[in-house]
Amino acid sequence: EEIRRATGIEADGITFEEFAEKPACNGPTLAAMFDEREKLGQILPGGTQCIFLDANSVPGSLTGKTRPAADELIAIVSGWGKFIALAKLFLMAAQIEPDSFVARLTSDHGWRKGIDQASVIICDSLAAANFPDDPRVRVFPLIASGSLDRLRELA
């Protein structure tokens, strides 16, 4: 979603396992997060271009944001389990108690349960679409702005 918003190009996602089984590389440019470089390097067909994207910095994404009060419930919402795990780590690093947040994976049945009680909803760009015009939503972009700039140049 972040790539589409930044470049206007439709982007499809694929798991590493799906790609390893069937590396369809004729035509599309591949983009992957920087931490996938080693794994992908072992299976990328020769001559295939892959742009490795840097992750957004947590401090940078939180600059200018008001810290939730200690008694506020924070909902973490995403369709990607790794995003939820990272968000939990970032909240704990910011010294927010784990019992102050709930995590919801949008692919789970009943994922909206309890979200109406949250004062803050932290989510990725795609999950944010589930909460149009909700002032509680704070979108955490995963891709660093410099990487999105590189993709725009290529588009």
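Structure report, in brief. Given the structure is predicted, the values throughout are model-derived calculations rather than measurements. (Residues numbered from 1 in each chain as written. Predicted model: local features only at pLDDT ≥ 70, side-chain atom pairs only at ≥ 80, totals over all residues. Heavy atoms only, no water.)

**Comments concerning the overall build of the protein chain**
Link 1 in the chain: What the protein chain contains, in helices and strands, is seven helices and six strands.
Link 2 in the chain: Its helices and strands taken in sequence order, the protein chain reads α-α-β-α-β-α-β-α-β-β-α-β-α from the N to the C terminus.
Link 3 in the chain: In terms of overall dimensions, the protein chain has C-alpha extents of about 55 × 35 × 30 Å along its principal axes.
Link 4 in the chain: Across the 155 residues that make up the protein chain, the buried fraction comes to 32%.
Link 5 in the chain: Taking all contacts inside the protein chain whose residues are at least 6 apart in sequence as the whole, residues at least 24 apart take part in 57%.
Link 6 in the chain: As displayed, the protein chain has an accessible area near 9800 Å², and 52% of this comes from carbon and sulfur atoms. (Helix = DSSP H or I, 4+ residues; strand = E, 2+ residues; numbered from the N terminus. Buried < 20%, exposed > 50% of the residue type's maximum accessible area, 1.4 Å probe, protein only. Contact = heavy atoms within 4.5 Å. Areas by Shrake-Rupley, 256 points an atom, 1.4 Å probe, with all protein chains shown as cover.)

**Side note on the nonpolar core**
Link 1 in the chain: Core analysis: the largest hydrophobic core is formed by 12 residues, namely Ile74, Ile76, Phe83, Ile84, Ala87, Leu91, Ile96, Phe101, Val120, Ile122, Phe140 and Leu142.
Link 2 in the chain: The set of elements that each furnish at least two residues to this core consists of β3 (74–78), α5 (81–93) and β5 (120–123).
Link 3 in the chain: In this structure, Val77, Trp111, Ile115 and Ala128 belong to the second largest nonpolar core, which totals 10 residues. (Core = buried A, V, L, I, M, F, W, Y, C linked by side-chain atoms within 4.5 Å.)

**Some points on helix α7 (residues 145–154)**
Link 1 in the chain: Among all positions in α7, only Ser147, Leu148 and Leu151 are buried. Within α7, the buried residues cover an arc of 100° as seen down the axis, which keeps them to one side. α7 presents Ser145 and Glu153 as exposed residues on the side facing more than 90 degrees away from its buried surface.
Link 2 in the chain: Against the buried residues of α7 lie α1 (2–7) and β2 (50–53). (Arc of directions from axis to C-beta.)

**Quick notes on the packing of aromatic side chains**
Link 1 in the chain: Enumeration over the complete set of coordinates arrives at three aromatic pairs.
Link 2 in the chain: Aromatic pair Trp111 and Phe131: ring centres 6.0 Å apart, planes at 90°, arrangement edge-to-face. A residue pair is termed long-range when its members are at least 10 positions apart, and Trp111 in the loop between β4 (101–105) and β5 and Phe131 in the loop between α6 (125–128) and β6 (137–139) qualify at 20 residues. In this pair, the class of Trp111 matches that of Phe131, namely buried.
Link 3 in the chain: Counting every residue linked through ring pairs, the aromatic cluster contains Phe83, Phe90 and Phe140.
Link 4 in the chain: Between the NZ or CZ atom of Arg112 and the centre of the ring of Phe131, over which it lies, the distance is 5.6 Å. (Phe/Tyr/Trp six-rings, centres within 6.5 Å; stacked < 30°, edge-to-face > 60°. Lys NZ or Arg CZ within 6 Å of the ring centre and 35° of its normal.)

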